[in-house]
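# Residue-level structure breakdown
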Amino acid sequence: MKKQKKRQQKTLTLNIILRWVVIVIGAGMALFALQSVALWLPWRWTYEFAANGSAWPFVQLGLTVGVGLAGGALWWLGSRRLGIVYIALSALCLIPVTQTMISLDTFARSQGIPLSVTQQFDVSRNQYAADEAAVRYGRVAQTDLVLSSYLTSEMTAKNPVIVYVHGGGWSGGSRTENSDFFRWLNSRGYHVLSIDYRIAKDNYASWQDAPRDVVCALAWLNSAAAERYGIDRSAVTLMGDSAGGQLALRAAYGVANGDLTSSCGGQPLVPASVVGIVPAIDFVELYDDSRLGPTSRENVVRYLGGSPATASEAYSESSIVTHVKAGLPRTLIINAERDTLVSPRSGEALAAKLREAGVDAEQYTLPYTVHSYWINPGGYQNQIGRQIIKQFLAH
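Residues numbered from 1 in each chain as written. Predicted model: local features only at pLDDT ≥ 70, side-chain atom pairs only at ≥ 80, totals over all residues. Heavy atoms only, no water.

### Considerations on the overall build of the protein chain
Here is the rule we go by: Put simply, DSSP H or I for four residues or longer makes a helix, DSSP E for two residues or longer makes a strand, and each gets a number counted from the N terminus. Think of it in three bands: residues with accessible area under 20% of the maximum for their type are buried, residues over 50% are exposed, and the middle band is partly exposed, with areas taken using a 1.4 Å probe on protein chains only. Contacts are residue-level and defined by heavy atoms, with any inter-residue pair within 4.5 Å sufficient. In this description, accessible areas are obtained by the Shrake-Rupley approach with a 1.4 Å probe, and a residue is regarded as covered only by the protein chains that are shown.
Within the protein chain, the secondary structure is distributed over twelve helices and eight strands. Out of the 395 residues in the protein chain, the part that is buried amounts to 55%. Considering only intrachain contacts with a sequence separation of at least 6, the fraction spanning at least 24 residues in the protein chain is 77%. Summed over its atoms, the accessible surface of the protein chain is roughly 17,500 Å², and 57% of this surface lies on carbon and sulfur atoms.

### Let's talk about the side chain of Ser 194
What counts, and what does not: Any N or O atom pair separated by 3.5 Å or less is treated as a polar contact, with the protein-specific requirement of one donor-capable and one acceptor-capable atom, and with residues adjacent in sequence counted only for side-chain atom pairs.
Residue position: Ser 194 is located in strand β4 (residues 191-195). Among the residues examined, Ser 194 registers a relative accessible area of 0% and is labelled buried. A polar contact is formed between the side chain of Ser 194 and the backbone oxygen of Arg 175, at a distance of 2.6 Å. In contact with Ser 194, not counting residues within four places along its chain, are Val 146, Leu 147, Ser 148, Tyr 150, Tyr 164, Arg 175 and Phe 182.

### Focus on the pairing of strand β8 (residues 361-366)
The line we're drawing: Think of it this way: DSSP has to see at least two bridges between two strands before they count as a pair. We call a crossover right-handed when, viewed with the strands running away from us, the connection from the first strand over the helix to the second turns clockwise.
Where strand β7 (residues 330-336) and β8 come together, six bridges link them in parallel fashion. Among the inter-strand pairings, Leu 332 is bridged to a residue of β8, identified as Glu 362. Regarding topology, helix α11 (residues 344-356) serves as the crossover connection from β7 to the parallel β8, and that connection is right-handed.

### Some points on helix α7 (residues 243-257)
Owing to its 3.6 residues per turn, the α-helix brings residues three or four apart onto one side. Here is the rule: Given a helix with a known number of residues, its expected span is that number minus one, times 1.5 Å.
Here α7 is 15 residues long and its end C-alpha atoms lie 21 Å apart, about the 21 Å a rise of 1.5 Å per residue gives. Along α7, 13 of the 15 residues are buried, which leaves the element largely enclosed by surrounding structure.

### Let's talk about the confidence of the model for the protein chain
As a reminder of what qualifies: pLDDT expresses how confident the predictor is about each individual residue, on a scale running from 0 to 100.
In the predicted model, the protein chain carries a mean pLDDT of 86, and the fraction of residues at 70 or more is 88%. When pLDDT is averaged over each element of the protein chain, strand β6 (residues 273-277) comes out on top at 98 and helix α2 (residues 51-55) at the bottom at 63. Predicted confidence for residues 126-130 stays below pLDDT 50, and this span has 13 contacts to residues more than four positions away or in other chains.

### As for the state of the cysteines
Stated precisely, the cut-off is as follows: Count a disulfide wherever a pair of cysteine sulfur atoms falls within 2.5 Å.
Using the criterion set out here, one finds one disulfide in the structure. The disulfide that involves Cys 216 links it to Cys 264, with 1.9 Å between the sulfurs. Measuring handedness by torsion sign, the sulfur bridge of Cys 216 and Cys 264 sits at about 100° and is right-handed. With a gap of 48 residues between them, Cys 216 in helix α6 (residues 210-229) and Cys 264 in the loop between α7 and β6 connect regions that are remote in the sequence.

### Regarding the environment of Val 324
As for its position among the elements, Val 324 is in the loop between α10 (312-318) and β7. According to the relative accessible area criterion, Val 324 is buried, its value standing at 14%. Among all residues touching Val 324, those that are not within four sequence positions of it are Leu 350, Lys 353, Leu 354 and Ala 357.

### So, the sheet that holds β4
For clarity, the threshold we go by: A fitted line through C-alpha atoms represents every axis, and for helices the fit uses only the stretch in contact; the resulting angles, taken between N-to-C directions, go from 0 to 180 degrees.
One open sheet holds the eight strands; their spatial order is β1-β2-β4-β3-β5-β6-β7-β8, and the pairing between them is mixed. Both outer strands of the open sheet, β1 (134-140) and β8, are each paired with one neighbouring strand and no more. Put simply, the sheet's adjacent strands are angled 20° from each other on average, direction ignored. Packed onto the sheet, helix α5 (residues 179-186) meets β2 (143-150), β3 (159-165), β4, β5 (231-241) and β6 and runs at close to 155° relative to β4.

### Some remarks on empty space enclosed by the protein
Stated formally: Only protein atoms enter the 1 Å grid, on which a cavity is a set of points fitting a 1.4 Å probe that cannot get out and a pocket is an open set with protein on both sides within 12 Å along at least 5 of 7 lines, lining residues being those with an atom within 4 Å of a point. Grid points are joined across faces, edges and corners, and a volume is the space filled by probe spheres set on the points. Charged residues are taken to be Asp, Glu, Lys and Arg, nonpolar residues to be Ala, Val, Leu, Ile, Met, Phe, Trp, Tyr, Cys and Pro, and polar residues to be all remaining types, Gly included.
Inspection of the entire model under this criterion finds one cavity of 30 Å³ or more. By volume, the largest cavity is sized at about 130 Å³. As for the largest cavity, its lining consists of 13 residues, and the residues nearest its centre are Tyr 164, Phe 181, Ile 277, Trp 374 and Asn 382. Broken down by secondary-structure element, the contributors of at least two residues to the lining of the largest cavity are α5 and α12 (380-394). The greatest single-element share of the lining of the largest cavity, amounting to four residues, is contributed by α12. Of the residues contributing to the lining of the largest cavity, the split by class is six nonpolar, three polar and four charged.

Okay, here's the thing in structure tokens:
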């Protein structure tokens, strides 16, 4: 009898330990799996909580299935109520995860873009590359303006080049961000020059200076630098993400219109095309849109030095829609449907206005996609975005 009781007590203890192990592991997986549900909530600012689920849907799917298996294990171990809760959570998360993958696959098919499942699990992103090729392209107000060069293996006199402007809310970020993307562009025959610019601070609104710094890079490139890097002056593209997308568009249109000069002198070349990846476009909308998170307004106020009422000139001059005219460079705009910092409607509106003016403009809104969708270099959203850029540059 004593041996039997000890055996029963040992079995009960083991059962309790197993339950708690399953409960803890299941709760951890549920915590991450539930991020995907944020895509269904009515408040746009909540979508940022779904960033990982949106960029790694197959990982989310695995976690979701894991929660369901944990529920089944709890049921088998006797915790049936808790098992039902876990199984219900798994079913709840399974719907948005599956819908995300199906929507992205459908969108890719509509654009003739093949998707790779195996690339989804690419976690080798080197966000900040070793800065071995830094070059000063200008100096203004006792500040060095520096760029990092990412060059193709073959140097010719006709290399197309991309001048890249990093994001960071106009007050942060780094030119060495997205080095995996730059190397991907290199492999397709493009030099990439990723530039610095003067960033905003609490006591310094940089809206007048930052775009002119981008133009300074174009003037530097138009000088002997073009020969130095073997660059085709007629095949220069300005490109940027987020705040950098706004600066790229503002500089490209300003040079084409003749209303924006270089901060360091010289004659800037006019880019043949410009690409804005989730760019800020209409600053009044960014300030007023209550569906966006508070970070969006904070960034805008810091960059422009006030509200639309107190800094109306800055809002007007910095908004891309103000500068739409005939004769602008070819334009590509990529928006994220679940963006928490920039409304995709502004990209759609800009593209429509550009087409009305006779400008060659393309605009795409990636479904179930958040602002920094490139955090997973092999993610479906990034695969689609890169192929759209590749097709645009090839024409």
